[in-house]
Amino acid sequence: MTTQATRAVITAEGLTKRYGSLRAVDDVNLHVYESEIFGILGPNGAGKTTTLEMIEGLRHPDAGTASVAGFDVASQVDQVKSRIGIQLQTTSLFDHLTVAELVGLFASLYGADDSSATVRRLLGLVSLQEKSDDQADTLSGGQKQRLSIALSLVNDPEIVFLDEPTTGLDPQARRNLWDLIRDIRADGKTIVLTTHYMEEAEVLCDRIAVMDHGRIILCDTPERLIAGLNGASTISATFGDTVPEPAALSELAGVQDVQLDGSRVTLQTDDMRRSMAGLLDLAEARTLELDKLTTSRPTLEDVFLHYTGRALRE
Ligand SMILES: Nc1ncnc2c1ncn2[C@@H]1O[C@H](COP(=O)(O)OP(=O)(O)OP(=O)(O)O)[C@@H](O)[C@H]1O
Ligand SMILES: [Mg+2]
C-alpha cells in the first residue's frame, strides 16, 4: 500500500558517522512521512543501526543533522525522547520480572501512565494478555519481540523505531509481528524499522531506503523500486513434443528475450499479460501441448542485485 501523506516527521540531512577510516554512515539524507511504515533495508554492516541511532539521538553524527517530530535531535533531546519509542533488543531486561511488571516499570520510568488498565491494554495490543503473570524470561522469541514492542509504546509515542523486529523468528511469528506493526500504524503512529529480509520490506513497508556500505542507494515504494528495473518478468513454459521456433516467440508482444533449453522455453517480457496471451494463442493455433507454465515478477532481490552487483543474502 502507498500512503501519500506529505508531512515529514523525520528529516535527516547529510548524516555521517566514521569509525577510523570506515564511513559507517555516509551522507544519508531521508524523509519519513507521517503514518508510514518506512523500512531501511540492507545487508549486515550496511549502517542501518547506526543511522537509526543517530536519528533517535542516541549516537552523535560526525556530520549532518536530523529532526524528529519537528525537533532537532542534537539540541532538543527531551522533546524528541518524549515523542519516540525505541524497541530495545537486550534480553537481560527480561530477568525475573513478570510481563505485566515490566510494562508497568517501563511506563513509570517514562513518567507515563502505568495503571494496570494501561498495562492490560498494551499487553492486549501485542497479544500477551495471557502471559501477564508469567516471568518475562520464560517467553518465546516471538513473544519477547512482542513484549519489547509493547515496551516501546509505553509513552504513547508518535514515532516507533524497530531495529530488526523479526530477526530470528519463524515465518508464522514473523507474519504475526507484521500484523502487529500494521496495527500500530493503524493507531496513527509512524514506524521506522530495519530489516535484511527482502520479503518483509516488500510486503510490510510503504517506502524503503536501500542501504549499502553506509549509503542510501535507493529510496521509494517497493512497487516503484521494482518497476524502476524496467523489469523483465519471466515466463517459463515447457512444451510436449514440439517447441515453437525462437523467431515466433520473439515476435510475441512484450517479449524481450527468448531462451530455449530442450523443451523448456524462457521468455523475458515487459508486458506479462500480452506475452502470456500471445503464447497461449500460439500454442492453440499450432495445437502444441503445454506441459508446464510458470511466471515470475522481479523482486526487491533483483533490485539489490542490479544496483550493487551482489545478492543481499550472505
Ligand atoms: N561503535 C563502533 N565502533 C566501530 N565500528 C562500528 C561501531 N558501530 C558500528 N560499527 C561499524 O559500522 C558499520 C555499520 O554498522 P551497523 O551496526 O550500523 O550496521 P547494520 O546495517 O545495522 O548491520 P546489521 O544488519 O548487522 O545489524 C559496520 O561495519 C560496523 O562494524
Ligand atoms: Mg543493525
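Calculation criteria
Here the residue numbers are simple positions, counted from 1 along each chain's written sequence. Starting at A for chains and at 1 for ligands, labels are handed out in the order in which the entities are written. Only residues with pLDDT of 70 or above have their local features reported here, since the model is predicted, and side-chain atom pairs are shown and tallied only from 80 upward, although totals for entire chains, interfaces and linings are computed over all residues. Excluded from the side-chain calculation are hydrogens and water; included are all heavy atoms of the structure. Should DSSP find at least two bridges between two strands, the strands are taken to pair. The helix and strand labels rest on DSSP assignments: H or I over at least four residues marks a helix, E over at least two residues marks a strand, and numbering proceeds from the N terminus. Note on contacts: a residue pair qualifies if any of its non-hydrogen atoms lie within 4.5 Å across the two residues. Axis geometry follows a simple rule: fit a line to the C-alpha atoms, using only the stretch in contact for helices, then measure angles between N-to-C directions, giving values from 0 to 180 degrees. Points on a 1 Å grid over protein atoms alone make up a cavity when a 1.4 Å probe fits among them but cannot get out, and a pocket when they form an open set with protein on both sides within 12 Å along at least five of seven lines; lining residues each have an atom within 4 Å of a point. Grid points are joined across faces, edges and corners, and a volume is the space filled by probe spheres set on the points. All residues other than Ala, Val, Leu, Ile, Met, Phe, Trp, Tyr, Cys, Pro, Asp, Glu, Lys and Arg, Gly among them, are scored as polar; the first ten of these are nonpolar and the last four charged. For a helix, the expected span equals 1.5 Å multiplied by the number of residues minus one. In this scheme, a residue with accessible area under 20% of its type's maximum is buried, one over 50% is exposed, and one in between is partly exposed, where area comes from a 1.4 Å probe on protein chains only. Here a residue counts as near a molecule or strand whenever at least one of its heavy atoms sits within 4 Å of it. Identification of polar contacts relies on pairs of N or O atoms within 3.5 Å, with a donor-acceptor requirement for protein atoms, meaning one able to donate a hydrogen and the other able to accept it, and with residues adjacent in sequence counted only if both atoms are side-chain atoms. All accessible areas in this document rest on Shrake-Rupley with a 1.4 Å probe, and a residue is counted as covered only by the protein chains that are shown. Nonpolar core, defined: a set of buried Ala, Val, Leu, Ile, Met, Phe, Trp, Tyr and Cys residues in which side-chain atoms within 4.5 Å join the residues together. Within the patch definition used here, like charges are joined within 9 Å and nonpolar side chains (Val, Leu, Ile, Met, Phe, Trp, Tyr) within 5 Å, considering only residues with over 30% relative accessible area and no salt bridge. Definition used for salt bridges: Asp or Glu carboxyl oxygen within 4 Å of a side-chain nitrogen of Lys or Arg. Domain borders in the structure are assigned automatically or taken from a domain database.

Q: Would you take a moment to explain the sheet that holds strand E4 (residues 63–68) for this structure?
A: Each strand in a sheet pairs with another by means of backbone hydrogen bonds, the pair being arranged parallel or else antiparallel. Pairing in this open sheet of 4 strands is antiparallel, and the strands run E2-E1-E4-E5 from one edge to the other. Two strands bound the open sheet, and with one partner strand each, they are strand E2 (22–33) and strand E5 (71–72). In the sheet, strand E1 (residues 8–19) pairs with E2 via 8 bridges, with the strands oriented antiparallel. For Ile10, the partnering residue across the bridge sits in E2 and is Val32. Those strands touched by helix H1 (residues 48–56) are E1, E2 and E4, and its axis lies near 120° from that of E1.

Q: Would you explain the layout of surface pockets in this entry?
A: If a probe the size of a water molecule is rolled over the atoms, the empty space left behind becomes visible. Its boundaries defined by the atoms lining it, the largest pocket holds a volume of some 310 Å³. Those elements giving two or more residues to the lining of the largest pocket turn out to be H1, helix H2 (77–83), strand E6 (84–86), helix H5 (141–152) and strand E7 (159–163). A per-element tally of the lining of the largest pocket places H1 first, with 4 residues. Across the lining of the largest pocket, the residue classes tally to 14 nonpolar, 6 polar and 4 charged.

Q: I would appreciate a short explanation of H5 in the present structure.
A: Here H5 spans 17 Å end to end across 12 residues, near enough to the 16 Å set by a 1.5 Å rise per residue. Counting buried residues along H5, 10 of its 12 residues qualify, which places the element largely inside the surrounding structure. Taken residue by residue, H5 has Gly142, Gln143, Gln145, Arg146, Leu147, Ser148, Ile149, Ala150, Leu151 and Ser152 as its buried positions. Buried residues along H5 sit in contact with E6, helix H3 (99–109), helix H4 (116–125), E7 and helix H6 (171–186).

Q: What am I meant to see in the side chain of Thr190 here?
A: With respect to the secondary-structure elements, Thr190 resides in strand E8 (residues 190–195). In this view, Thr190 contacts Val9, Val32, Tyr33, Glu34, Ser35, Glu36, Glu158, Ile159 and Val160; residues no more than four positions away in its chain are not counted.

Q: I'm lost on the site of ligand 1 in this one. Help?
A: The full set close to ligand 1 counts 13 residues, and Asn44, Gly45, Lys48, Thr49 and Thr50 are the nearest of them. Note that an oxygen atom of ligand 1 is positioned 3.1 Å from one of the backbone N or O atoms of Ala46. Compared with its free state, where it exposes 630 Å², ligand 1 has 61% of that area covered by protein. Secondary structure elements with two or more residues in the shell around ligand 1: E2 and H1. Among the elements that take part in the shell around ligand 1, H1 stands out by supplying 3 residues, more than any other. In the shell around ligand 1, the residues fall into 5 nonpolar, 5 polar and 3 charged.

Q: Hey, could you run me through the nonpolar core in this one?
A: When a protein is soluble and globular, its nonpolar side chains tend to lie buried together. One finds Leu147 and Leu300 to be the most contacted residues of the largest nonpolar core, which totals 45 residues. Per-element tally for this core: the top contributor is H6, with 6 residues. Judged by nonpolar contacts, the second largest core, of 27 residues, contains Leu15, Val25, Val68 and Phe71.

Q: Explanation requested: unusual backbone geometry in the structure shown.
A: Despite not being glycine, Ser127 shows a phi value in the positive range, around 55°. Mapped onto the elements, Ser127 comes out in the loop between H4 and H5. Classification of Ser127 as partly exposed rests on a relative accessible area of 47%. One non-glycine residue, Glu164, lies in positive phi territory at about 50°.

Q: Looking at this structure, how should I read the sheet that holds strand E10 (residues 215–220)?
A: A sheet is described by the order of its strands in space; here 6 strands give the open sequence E6-E7-E8-E3-E9-E10, paired in mixed fashion. The open sheet has two free edges, formed respectively by E6 and E10, since each of these has just one partner strand. Taken over all neighbouring pairs, the strand axes of this sheet differ in orientation by 15° on average, direction set aside. The pairing of E7 with E8 spans 5 bridges and is parallel. Counted as the bridge partner of Val160 is Ile191 from E8. Of the strands in this sheet, strand E3 (37–41), E6, E7, E8 and strand E9 (207–212) touch H1, which is tilted by about 155° from E7.

Q: Help me understand a nonpolar patch on the surface, please; the structure alone is not making it clear to me.
A: Together, Leu105, Leu109 and Tyr110 make up an exposed nonpolar region whose accessible area comes to about 310 Å². Mapping Leu109 onto the fold places it in helix H3.

Q: I'm lost on the domain arrangement of the protein in this one. Help?
A: Accessible area lost upon the coming together of the parts serves often as the stated size of an interface. According to the domain assignment, the protein consists of domain 1 (8–227) and domain 2 (233–297). If you average the C-alpha positions of domain 1 and of domain 2, the two centres end up 45 Å apart.

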